[in-house]
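# Notes for the structure review
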Amino acid sequence: MIPSPARLSINQETIRQWSLPELVAGCTAAGVGAVGLWRDPVREHGVRKTAKLVSGAGLRVSSLCRGGFFTAADPSGRAAALDDNRRAVEEAAELGADTLVLVSGGLPGGDRDLVGARGRIADILGELAPWATRHGIRLGIEPLHPMYASDRCVVSTLGQALDLAELFPAEEVGVVVDSYHLWWDERLPADLFRAGEGGRIVSVQVADWVTPLPEGVLLGRGQLGDGSIDLRSFRELTDVAGYRGPVEVEIFNPGLWARDGSEVLREVIERYREHVE
């Protein structure tokens, strides 16, 4: 068997049809060394049980998704978000994850104040970051494509994510760099250099951009090599910026979920070698 690429990590959502034990068994058999996990299926399986399963197989948890959704304007919404994110930090620590990925949240209903929403993110991070540090977890702010700004993430560019992260020490808060969200941005090379120089890149994720989006904005990610992104150049830019960690394939695509999981994993590994490595 040809060894899997050394830096490849498989995000759990890429092969959503697999249970956690199937994911761990499949990745172990294929020689994949890391997985990115999601909170809901982990909690369904049991956090402690999942930690034992993954570590027992010799796998690394490259990230836990997701924390965030910090933009509520009312005190009760803010308190609920902080409580949930503290639990997410604890879960990440128990799993031995490298980072907790933060999707910052969209505009509250009827709100049009992007600047104010970003300010509320900074306020909650001020309370969450020390908590994460005490648990040995780095927080990773993930900028999402601008089409998500209204309902999911008011942080749309790597520069905006860095503006927030740099309010805190690099060992506390960094950024997540995802090809699907950032490939279009002409400022990306300069922002990656800025992120790398400051030691801020905590995770790199890849998926392709296909047109038209087959399943809308959330579930329209393309298989590696099927779309418009020069994924190898994207990965090389992160290397030049100094990132040496796992490269996580994160694809939300019902077409992949309808197929046999083993077949999808084989294809992802092949496409990673062809288009990313």
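In the block above lies the structure referred to throughout.
In this report, the structure presented in the accompanying data block is examined. (Residues numbered from 1 in each chain as written. Predicted model: local features only at pLDDT ≥ 70, side-chain atom pairs only at ≥ 80, totals over all residues. Heavy atoms only, no water.)

## A short note on the pattern of salt bridges
Pairing between side chains of opposite charge can happen when their charged atoms approach one another. The condition that has to hold: One side-chain nitrogen of Lys or Arg within 4 Å of one carboxyl oxygen of Asp or Glu is enough to make a salt bridge. Secondary structure counts use DSSP, requiring at least four H or I residues in a row for a helix and at least two E residues in a row for a strand, with both numbered from the N terminus. Working definition: with a 1.4 Å probe on protein chains only, accessible area under 20% of the residue-type maximum means buried, over 50% means exposed, and in between means partly exposed.
Tallied over the entire structure, the rule returns 19 salt bridges. Taking the shortest distance from any N to any O, the salt bridge between Asp111 and Arg120 comes out at 3.4 Å. With a shortest N-O distance of 2.9 Å, Arg271 and Asp226 are connected by a salt bridge. Taken as a pair, Arg271 in helix α11 (residues 261-275) and Asp226 in the loop between β9 (221-222) and α9 (231-240) lie far apart in primary sequence, 45 residues in all. Owing to a relative accessible area of 45%, Asp226 belongs among the partly exposed residues under this scheme. By sharing partners, the salt bridges in this structure join Arg39, Asp84, Arg87 and Glu91 into a single network.

## Some points on the layout of surface pockets
We count it as follows: Grid points spaced at 1 Å over the protein atoms alone were grouped into cavities, where a 1.4 Å probe fits but cannot get out, and pockets, open sets with protein on both sides within 12 Å along at least five of seven lines, with lining residues defined by an atom within 4 Å of a point. Grid points are joined across faces, edges and corners, and a volume is the space filled by probe spheres set on the points. Here the nonpolar group is Ala, Val, Leu, Ile, Met, Phe, Trp, Tyr, Cys and Pro; Asp, Glu, Lys and Arg are the charged ones; every other residue, Gly included, is treated as polar.
Counted as a void, the largest pocket has a volume near 630 Å³. It is helix α2 (residues 39-45) that contributes the most residues to the lining of the largest pocket, six residues altogether. When its residues are assigned to classes, the lining of the largest pocket shows 13 nonpolar, six polar and twelve charged.

## What to know about the nonpolar core
This is how the line gets drawn: By nonpolar core we mean a set of buried residues, namely Ala, Val, Leu, Ile, Met, Phe, Trp, Tyr and Cys, connected to one another through side-chain atoms within 4.5 Å. Here, two residues are considered to be in contact whenever any of their heavy atoms come within 4.5 Å of each other.
Counting residues in hydrophobic clusters, the biggest one holds 81 residues, and the most contacted among them are Ile10, Leu37, Leu139, Ile141 and Val177. At eight residues, helix α5 (residues 114-134) tops the list of elements feeding residues into this core. Look past the residues within four positions of Ile141 in its chain and what remains in contact with it is Leu102, Ser104, Leu125, Val155, Ala161, Leu164, Ala165, Val173, Gly174, Val175 and Val176. Counting seven residues, the second largest nonpolar core, distinct from the first, contains Trp38, Cys65, Val101 and Trp257.

## A few points about the packing of aromatic side chains
Using the following cut-off: Classification of ring pairs uses Phe, Tyr and Trp, with its six-membered ring standing for Trp, and accepts pairs whose centres are within 6.5 Å; under 30 degrees between planes counts as stacked, over 60 as edge-to-face, and the remaining range as tilted.
Scanning all chains against the criterion turns up three aromatic pairs. With a centroid separation of 5.8 Å and an interplanar angle of 70 degrees, the aromatic rings of Trp38 and Phe252 are classed as edge-to-face. One end of the pair, Trp38, is in strand β2 (residues 34-38); the other, Phe252, is in the loop between β10 (247-249) and α10 (254-257), and 214 residues separate them in sequence. Here the two residues Trp38 and Phe252 agree in accessibility, since each one is buried.

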